[in-house]
Amino acid sequence: MVKGPGLYSDIGKKARDLLYKDYQGDHKFTITTYSPTGVAITSSGTKKGDLFLADVNTQLKRNNITTDIKVDTNSNLSTTITIDEPVPGLKTILSFKVPDQRSGKVELQYLHDYAGICASVGVDANPIVNFSGVLGTNVSSIGADVSFDTKTGNFTKYNAGLSFSNADLISALTLNDKGDTLSASYYHIVKPLTNTFVGAEVNHSFSSNENTITVGTQHSLDPLTTVKARVNNFGKANALIQHEWRPKSLFTLSGEVDTKAIDKSAKFGLALALKP
């Protein structure tokens, strides 16, 4: 396990990735190429029904500075500049989007053996200020995440969470949506040699008094092929198979079926990522 508690976004991340990452309901194609000078250019396209969305991302790394520039089909230009460790443990991120004038943001991330802090502020006259902090170790930690809109004078977000880890189990408890949603999750390593994991997440909404229970698992058929599956208490079952047919080039096929309405057509998604 890594040293330190990490950032607030790391609380429950292992379980979320197991249950939701890589499941694809659309058709997506991504290809990455590299120029002789080391510039990485990634082109991607996603077909959502009759709608096709595309973007081109250019990434340039120089020493500890990474610059990402992305243009999409809606003529949005997004730029992110990341400075990694100008001082030990600190990362600085500057991002903005054109033509959105309120999208500019400066973010600082600091990782310590016993703390993880992330603070960001919008670059405009009435910015949104976000702060999250975690205290603890890589075994147990507690943290909070808040956002304040200086234009309206209101808190737009306040969440809290705690996490506990040991060699093969990670559990987390979070209070989200301004105290309306209580979430509990766990992630268990069953067999490291075959990347066999199981996990579950339980969400309770106080406003609707509704519970959502999701359980899932992952297993590697061989070093290059992985299968995943999940199901929730509403009868939605998902499964995927992912194959790395060459280094960092992935083919992913996923599907979803409503077990309570089996007569309805199943949904399928396809993702293809190519890297030379």
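Structure first, text after, so check above.
Note that this is a predicted model, so its numbers are computed, not measured.

Peer 1: What is the right way to read the layout of surface pockets from this model?
Peer 2: With a probe scaled to a water molecule rolled over the atoms, the places where space remains empty come into view. There is about 890 Å³ of room inside the largest pocket. Around the largest pocket, the lining is made up of 37 residues, and of these K13, K14, D17, I170 and Y187 lie nearest the centre. Listed by contribution, the elements that provide at least two residues to the lining of the largest pocket are α1 (13-20), β10 (140-149), β11 (154-165), β12 (169-176), β13 (181-191), β15 (210-222), β16 (225-232) and β17 (236-246). If you tally residues by element for the lining of the largest pocket, the top one is α1, at 5 residues. In terms of residue class, the lining of the largest pocket is built from 14 nonpolar, 15 polar and 8 charged.

Peer 1: Explain the packing of aromatic side chains here, please?
Peer 2: One pair of aromatic rings is described through two measures. These are the centre distance and the angle between the planes. Applying the stated criterion to the full structure yields 2 aromatic pairs. Ring centres 5.4 Å apart and planes at 35 degrees place the aromatic pair Y187 and F197 in the tilted group. Taken together, the positions of Y187 in strand β13 and F197 in strand β14 (residues 196-205) put the pair 10 residues apart, joining distant regions of the chain. Sitting over the face of the ring of Y23, R230 holds its NZ or CZ atom 4.4 Å from the ring centroid.

Peer 1: What is the right way to read unusual backbone geometry from this model?
Peer 2: Keep in mind that most residues, glycine aside, have a negative phi and that most peptide bonds are trans. Looking along the chain, the bond that leaves V98 and enters P99 is cis, with omega of 15 degrees. Counting through the fold element by element, P99 comes out in the loop between β6 (90-98) and β7 (105-112). Backbone geometry at E85 places phi at a positive 55 degrees, although glycine is not the residue there. With respect to the helices and strands, the residue E85 is situated in the loop between β5 (77-84) and β6. Within the chain, N209 stands out as a residue other than glycine whose phi angle is a positive 55 degrees. Along the polypeptide, N209 turns up in the loop between β14 and β15. The exposed category is assigned to N209, whose relative accessible area is 60%.

Peer 1: Teacher, can you tell me more about the pairing of strand β18 (residues 249-258) here?
Peer 2: In the case of a regular strand, side chains alternate between the two sheet surfaces. For β17 and β18, the ladder comprises 10 bridges, and the chain directions are antiparallel. Bridge pairing in β18 places A239 opposite G255. The hairpin formed by β17 and β18 contains 2 residues between the paired strands, and K248 there has a positive phi angle of roughly 70 degrees. Examined bridge by bridge, β18 and strand β19 (residues 267-274) share 7 bridges and lie antiparallel to one another. Across the sheet, the residue bridging to G255 is F268, located in β19.

Peer 1: How should I be thinking about α1 in this particular structure?
Peer 2: In an α-helix, one turn spans 3.6 residues, which is why side chains three or four residues apart end up on the same side. Residues of α1 that are buried: A15, L18 and L19. The buried residues of α1 occupy an angular sector of 90 degrees when projected down its axis, which confines them to one face. Looking at the packing, one finds that the buried side of α1 touches β13, β14, β15 and β16. Phi turns positive one or two residues past the end of α1, at D22, with a value near 80 degrees.

Rules of the game
Residues numbered from 1 in each chain as written. Predicted model: local features only at pLDDT ≥ 70, side-chain atom pairs only at ≥ 80, totals over all residues. Heavy atoms only, no water. 1 Å grid on protein atoms, 1.4 Å probe; cavity = no way out; pocket = protein on both sides within 12 Å on 5 of 7 lines; lining within 4 Å. Points joined across faces, edges and corners; volume = space filled by probe spheres on them. Helix = DSSP H or I, 4+ residues; strand = E, 2+ residues; numbered from the N terminus. Nonpolar A, V, L, I, M, F, W, Y, C, P; charged D, E, K, R; others polar. Phe/Tyr/Trp six-rings, centres within 6.5 Å; stacked < 30°, edge-to-face > 60°. Lys NZ or Arg CZ within 6 Å of the ring centre and 35° of its normal. Buried < 20%, exposed > 50% of the residue type's maximum accessible area, 1.4 Å probe, protein only. Pairing = 2+ DSSP bridges. Arc of directions from axis to C-beta. Contact = heavy atoms within 4.5 Å.

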